[in-house]
Each structure stands twice: as structure tokens, then as C-alpha cells.
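Notes for the structure review
The lines below spell out each chain.
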Amino acid sequence: MKRRDVLNGLAAAMAVPAMASTVRAQNSGQQEPGKSASVEGSVALVTGSNRGVGLGFVKVLLARGAKRVYATARNPDNLPNVVALDPNRVVPLVLDVNNSEHRLAAAAQATDVTWIINNAAYPGSRIPEERRIRSASALDDCKQVMETNCWSPAEIARLFIPIILNNGGGAIANVLSAASWFCLPEYSSYSLSKAAAMMMTNGLRAELDRDPILVASVFTGGVDTRASPAGSSGGISPEEHAHQVFDSMAQGDTDVYAAGSKRMRDLISADPEAFERGRIKRFYENPLTIRNHI
Ligand SMILES: NC(=O)c1ccc[n+]([C@@H]2O[C@H](COP(=O)([O-])OP(=O)(O)OC[C@H]3O[C@@H](n4cnc5c(N)ncnc54)[C@H](OP(=O)(O)O)[C@@H]3O)[C@@H](O)[C@H]2O)c1
């Protein structure tokens, strides 16, 4: 095929603007044919399970009948409180998701896993300029965000896919964000990483299409945690969020809308340019920041 034909083919395939096509696919309410994932009887590993959304996942996994939960955190001091929820079913593991030795050790120990919940994330530096593309002194922090929020979940999925298959199948839930669909200019690197993680999840889903693993993109809206926007009070609890995610995955959904993200998606879909202008206006006039940077 001539180069011009290839380019024409690509242009035809990409004729619909990226955001519109993403939103349209999600509007169709994608479901994995024949796949659904129930928490009951599962053996789950949750990254960043010591607080916030991750701790909510652990509590709800236990409440909904998971057989075992590997509660992981990068700081071992944070794990006893999680184990205390149910010492018979919660197994603590030290896992800094960016540490390959930790990842390998987790996969060597947790050989009965059927569910992976890639939840841990780094929002970016507490110095606002370092979270952006133009103003960053270097892109080191942005790259760290990408590593933590996209490549490390990919590495974890790669390690655990054979384990899940060996155990008869299960699920991988990648916790993304409504910010996968647009750029929060105050947190450009975070949006960038979540958009990339969304595509990483799509790629995994395609590769696992013929395998008994449900690959879910969890589009989270507002949950009340340390990472909520300062001054916000509209988020749901981490436990309610986890219930929404598990209800949706039990129905076989691959695009999981939790904590109000569907409203956000509909708003973007109605007028993407106006939505972006609104983000830019806020960036200059009343920049958003999260409650508690690490
Ligand atoms: N809260 C929301 O409204 C909201 C909205 C959209 C998406 N989300 C997504 O939900 C997930 C959890 O967010 P959250 O609100 O619970 O945030 P959070 O309260 O800031 O918790 C982040 C968790 O990630 C862990 N973590 C960070 N870097 C890590 C690393 N390298 N290795 C292992 N663990 C690491 C943290 O551990 P330490 O305690 O050691 O720091 C903590 O447990 C994230 O994927 C986030 O993007 C949340």
C-alpha cells in the first residue's frame, strides 16, 4: 500500500474528533459479552488500600463476601489498621506500585488472586507549576505521575493476568477518573496519565477479549477523600463508590461510571469546546487544588 493510501486510511479512521468518539463509545453502555465479575468468593488485591477510595474497596470487598483481600500499601505502618477489619481474610502486603521488586514479591505471594484493583495514584507535586507542561522546571514530576498512574498499573496487570487465568478467571479494575476525558489544567500531568491509563485499559481489554477476565475502566467522579478538591463537599463516600463499581461490574460493564462521572460525561458530550473553555476560565480565575497533597 502506498504511503498516501495509508495516510488516507488513517485519516478516515480518525475522522471523528477523539473526545467525541470516546464519549460516543461510552454512550453505548459497553458491556463485555458473556463476562461479568462478582465479588463474592473472589480473592482481590487492592493497591493503595490504606486510605481513601482503596480502603473503601477493601471494606466493601469484605462486606460482599470476598474470600481473601490482599490489602497493599507502600508504608507497612499503614497496614495493621486495614488488617484489623478482618484478620482472617485481610492479608497485608507492602507494595509501592513503582517498585518492581515489590511487584514481583506480591505476585509470588498472592498466587490465588482473581481480582486486581489498580487504585493507587499520585496526583502530582504539591508545587502547582510542576504539575503543568509549560511551567514545570523539568518534566520529572509529570513523568512520575505517568509512571504511578499508567505504567505501574500496566505492570501489575501484566504480572497478574497469568495468575488470574490460572485461577479460572476474574477481573481487572483500573481506577481512572472523569479527568481521563479532559484536561484539568491545574493538574495537567494527572489528566494526561489518566487519559493514557484509559487507553492502556482499552488495549488490555482487547488483548483479553478471548479470556475470562473482565477489564473495567472505572471512571470515578467525586469521592470524599484527601484527594478531593479543596472546599468540595459533594463527593460520595469511598464505600458507596465501591458498591457502585461492584454493582456495575457484576452486570458486565466495561465502562464503569461511579460517583457522578456520568453527569460529567454528558456535560462534556453536550458541548466539548464550552466545557474546555470553562476549565480554562477556572484555571485563571479560581484554580482548583486538592485538599491534601502528600
Ligand atoms: N477522590 C476522588 O474524588 C477521585 C476522583 C477521581 C479519581 N480518583 C481516583 O481514585 C483513586 C484513589 O484516590 P483517592 O481519592 O483515594 O486518593 P488518596 O486519598 O490520595 O489515596 C491515594 C492512595 O494511593 C496510594 N499511593 C500513591 N502512590 C503510591 C505508590 N507509588 N505505591 C503505592 N501506593 C501509592 C496512597 O498511599 P500513601 O497513603 O502511602 O500516600 C494512597 O493509599 C486514584 O486512582 C484516583 O485517581 C479519585
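If you're wondering where the values come from, they're calculated on a predicted model, not measured in any experiment.

In this section: the packing of helix H6 (residues 140-166) against helix H7 (residues 188-207). Relative orientation of the contacting elements H6 and H7 amounts to 20 degrees, with a least axis distance of 8 Å. As the angle between them shows, H6 and H7 are arranged roughly parallel. The way H6 lies across H7 gives a crossing that is right-handed. Along the contact surface, H6 presents Asp141, Cys142, Val145, Met146, Asn149, Cys150, Pro153, Ala154 and Ala157, while H7 presents Ser189, Tyr190, Leu192, Ser193, Lys194, Ala196, Ala197, Met200 and Leu204. Across the contact of H6 with H7, the residue classes break down as 13 nonpolar, 3 polar and 2 charged.

Now for the pairing of strand S4 (residues 115-118). Where burial is concerned, the two faces of S4 agree: the one with Trp115 and Ile117 and the one with Ile116 and Asn118 are both buried. Pairing between strand S1 (residues 43-46) and S4: 3 bridges, direction parallel. Looking at the pairing, Leu45 lines up with Ile116 of S4. Both S4 and strand S5 (residues 170-175) contribute to a ladder of 4 bridges, which runs parallel. Bridge pairing in S5 links Ile116 to Ile172. Traced from S4 through H6 to S5, the parallel crossover comes out right-handed.

Counting buried positions over the 6 residues of strand S2 (residues 68-73) gives 6, a clear majority of the element. The two faces of S2 match: Arg68, Tyr70 and Thr72 on one face and Val69, Ala71 and Ala73 on the other face are all buried. As judged from the 4 bridges shared by S1 and S2, these two strands associate in the parallel manner. From the neighbouring strand, Ala44 faces S2, where its bridge partner is Val69. Note on the crossover from S1 through helix H3 (residues 52-63) to S2: the handedness is right-handed.

Here the focus is the site of the ligand. Of all residues adjacent to the ligand, which total 30 residues, the nearest are Gly48, Gly52, Ala120, Ala121 and Thr225. The greatest single-element share of the shell around the ligand, amounting to 3 residues, is contributed by H3.

Here the focus is the sheet that holds S2. Ordered by their spatial adjacency, 7 strands build an open sheet running S3-S2-S1-S4-S5-S6-S7, and the pairing between neighbours is parallel. One side of each edge strand has no neighbouring strand; the edge strands of this open sheet are strand S3 (90-94) and strand S7 (255-258). For this sheet, the mean inter-axis angle between neighbouring strands, taken without regard to orientation, is 20 degrees. Strand contacts of H7: S5 and strand S6 (213-220), with the helix running at about 160 degrees to S6, the strand carrying the most contacts.

What follows deals with helix H9 (residues 261-270). Among the residues of H9, those classed as buried are Ser261, Met264 and Arg265. For H9, the arc enclosing every buried residue in end-on projection is 100 degrees, short of the 170-degree limit, so these residues lie on one face. Structural note: H9 exposes Asp266 and Ala270 on the side pointing more than 90 degrees away from its buried face.

This part covers the confidence of the model for the protein chain. Chain-level pLDDT for the protein chain is 90 on average; 89% of the residues reach the 70-or-more range. A low-confidence stretch, residues 1-28 (pLDDT under 50), is modelled with 13 contacts involving residues beyond four sequence positions or located in other chains.

Tracing the chain through its elements places Val91 in strand S3. Taking the number of C-beta atoms within 10 Å as the measure of exposure, Val91 has 19 and is therefore partly exposed. Spatially, the C-alpha atom of Val91 lies 9.8 Å from that of Pro80, the residues being 11 residues apart in sequence. Ignoring any residue separated from it by four or fewer positions in sequence, one finds Val91 in contact with Arg68 and Tyr70.

A separate point is unusual backbone geometry. Phi is positive for Ala259, which is not a glycine, with a value near 60 degrees. Within the secondary structure layout, Ala259 lies in the loop between S7 and H9.

Where H3 contacts helix H8 (residues 238-250), the two axes come as close as 8 Å, and the packing angle between them is 65 degrees. Between H3 and H8 the crossing geometry is right-handed. Here Gly52, Val53, Leu55, Gly56, Phe57, Lys59 and Val60 of H3 lie close against H8, whose contacting residues are Pro238, Glu239, His241, Ala242, His243 and Phe246. Residue composition of the contact of H3 with H8, grouped by class: 7 nonpolar, 4 polar and 2 charged.

Rules of the game
Residues numbered from 1 in each chain as written. Predicted model: local features only at pLDDT ≥ 70, side-chain atom pairs only at ≥ 80, totals over all residues. Axes fitted to C-alpha atoms, helices over the stretch in contact; angles between N-to-C directions. Helix = DSSP H or I, 4+ residues; strand = E, 2+ residues; numbered from the N terminus. Parallel < 35°, antiparallel > 145°, perpendicular 65-115°, else oblique. Left-handed = near helix turned anticlockwise from the far one by under 90°. Contact = placed C-beta atoms within 7 Å. Nonpolar A, V, L, I, M, F, W, Y, C, P; charged D, E, K, R; others polar. Buried ≥ 20, exposed ≤ 12 C-beta atoms within 10 Å, placed from the backbone. Pairing = 2+ DSSP bridges. Right-handed = clockwise from strand over helix to strand, strands pointing away. Near = placed C-beta within 6 Å. Arc of directions from axis to C-beta. pLDDT = per-residue confidence, 0-100.

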